[in-house]
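# Survey of secondary and tertiary structure
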Amino acid sequence: MNRVTGSLLILAALAVGVHSAAIDAPIDFYKLYDNPEAHISLKSKATTADRTAAHGYPSEHHHIVTEDGYILGVFRIPYSHKLQNQNVKRPIVLLQHGLSSCSDAWVLQGPDDSLPYLLADAGYDVWMGNARGTSYSRNHTTLSPDHPLFWQFSWHEIAIYDITAIIDYALSTENGQGQDAIHYVGHSQGTTVYFALMSWIPEYNDKIKTAHMFAPVAIMKNLSSRLVRAVGPYLGHRNTYSVLFSSQEFLPHNEFLMALFFNMCQPDFMLRPVCESAVATLYSGGRVNMTAMPEGMATHPAGCSTDQMLHYLQEQQSGYFRLFDHGTKKNLKVYGTEEPPEYPVELIDSLVHMWYADNDDLAAVQDVEQLAKRLPNNVMHHMADPEWNHGDFSLNKEVRIYVNEPVIAIMEEFELKNGGT
């Protein structure tokens, strides 16, 4: 979750409030906001593979089919062109993005600071996942994104279907290494899906070497986000508002607007100052990499289901980390109980590093520490910078020093102690 997502959530909530009395079917935001006549020929947007290849790194684009039929676009930097280490053993790392984000977020800061490049140059085989419904994962073996059933998923399904599929695929991809476990790094929703998966299907803990949770989001009782607290009472319960808001694409990617943003934000384009001015308005204080942020605007939001947001709002309202609340009647049918069950996080026995901050309005220190007390095997990393916030894990200009290099050092220590197994 991020500031852009927050602003869009307000707009969506207002739209539901205005039209809820007149609409009794899923809102087709695509038809509302996408005008085919507005599609003009603009410079095509670079993919994550294009971005990594532009810096000289070997780059791969994989398509992974989940057990329930979603086709995920996953990117890989298999080795470093600087090291020429394609014929030696390279530990596998999976990076998983946050809500409404995508794999692009990991590479926006460029080869000197972004985690994927640093990992590749440290000798790792780097995979960047994209959850179902994002701009790189909008395909299915039988369903069209225009059909409401395509969007009938929350981050629970991303956890048990998408993340398992990516882990298994990465481990089985032929590279002569014969590994049975990976390192994992998640930001925001990327942490939520980790907690959900490892508690709900605990045998996957055996496939993890080290896990790094940037801005861990699970328990949300004490978050300070004014937006979430304002919207939560209306959409965080099973009622008319949440039913109307459910199972839809959330403010989908608009080809015309996104292409316009992308072109405006090109470094050599005459309107680049306009883009930078817009970014400066959103992110003041000099903490954000102002080269990376306009690139992020051109690729975000990357798409998600409204059910993912509803699930988070349910967490905030209930104070628990538990499965999706379908309402009493369906809960009895699906879970056998009137209330959805909690995720048994006590079963997460993989080594979990928790990276959290005082100024994070979505991952409150009290909530992170409460969750950590229930995790059998964790290490706490409380950010020393009192201003460090939720988005800083992606876009702070000092992220290499404060987060990326320490994370790689921890992975290196693990590999050294365990002989790279």
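Quick note: structure is the one above.
Computed from a predicted structure; not experimentally measured.

So, about the overall build of the protein chain. Of regular secondary structure, the protein chain possesses 17 helices and nine strands. The buried share among the 421 residues of the protein chain stands at 57%. Put simply, 77% of the contacts in the protein chain that link residues at least 6 apart link residues at least 24 apart. In the form shown here, the protein chain has an accessible surface area of approximately 17500 Å², with 54% of it arising from carbon and sulfur atoms.

Along the chain, D162 turns up in helix α6 (residues 155–172). The residues touching D162, leaving out its near neighbours within four places in the chain, are T66, L72, A131, R132 and E157.

Attention shifts here to the packing of aromatic side chains. For the structure shown, the criterion picks out 18 aromatic pairs. Residues F150 and W151 carry aromatic rings whose centres are separated by 4.9 Å and whose planes lie at 70° to one another, so their mutual orientation is edge-to-face. Assessed through its relative accessible area of 0%, F150 is described here as buried. What makes W151 buried here is its relative accessible area of 2%. Taking 5.5 Å as the distance between ring centres and 20° as the angle between the ring planes, the aromatic pair formed by F214 and F393 counts as stacked. Taken together, the residues span a long stretch of sequence, with F214 in strand β7 (residues 208–214) and F393 in helix α16 (residues 392–395) at a distance of 179 residues. For F393, a relative accessible area of 3% gives the class buried. An aromatic cluster of at least three residues, connected via ring pairs, comprises W155, W200, Y312, F321 and Y343. Sitting over the face of the ring of F153, R132 holds its NZ or CZ atom 5.6 Å from the ring centroid.

About the criteria used
Residues numbered from 1 in each chain as written. Predicted model: local features only at pLDDT ≥ 70, side-chain atom pairs only at ≥ 80, totals over all residues. Heavy atoms only, no water. Helix = DSSP H or I, 4+ residues; strand = E, 2+ residues; numbered from the N terminus. Buried < 20%, exposed > 50% of the residue type's maximum accessible area, 1.4 Å probe, protein only. Contact = heavy atoms within 4.5 Å. Areas by Shrake-Rupley, 256 points an atom, 1.4 Å probe, with all protein chains shown as cover. Phe/Tyr/Trp six-rings, centres within 6.5 Å; stacked < 30°, edge-to-face > 60°. Lys NZ or Arg CZ within 6 Å of the ring centre and 35° of its normal.

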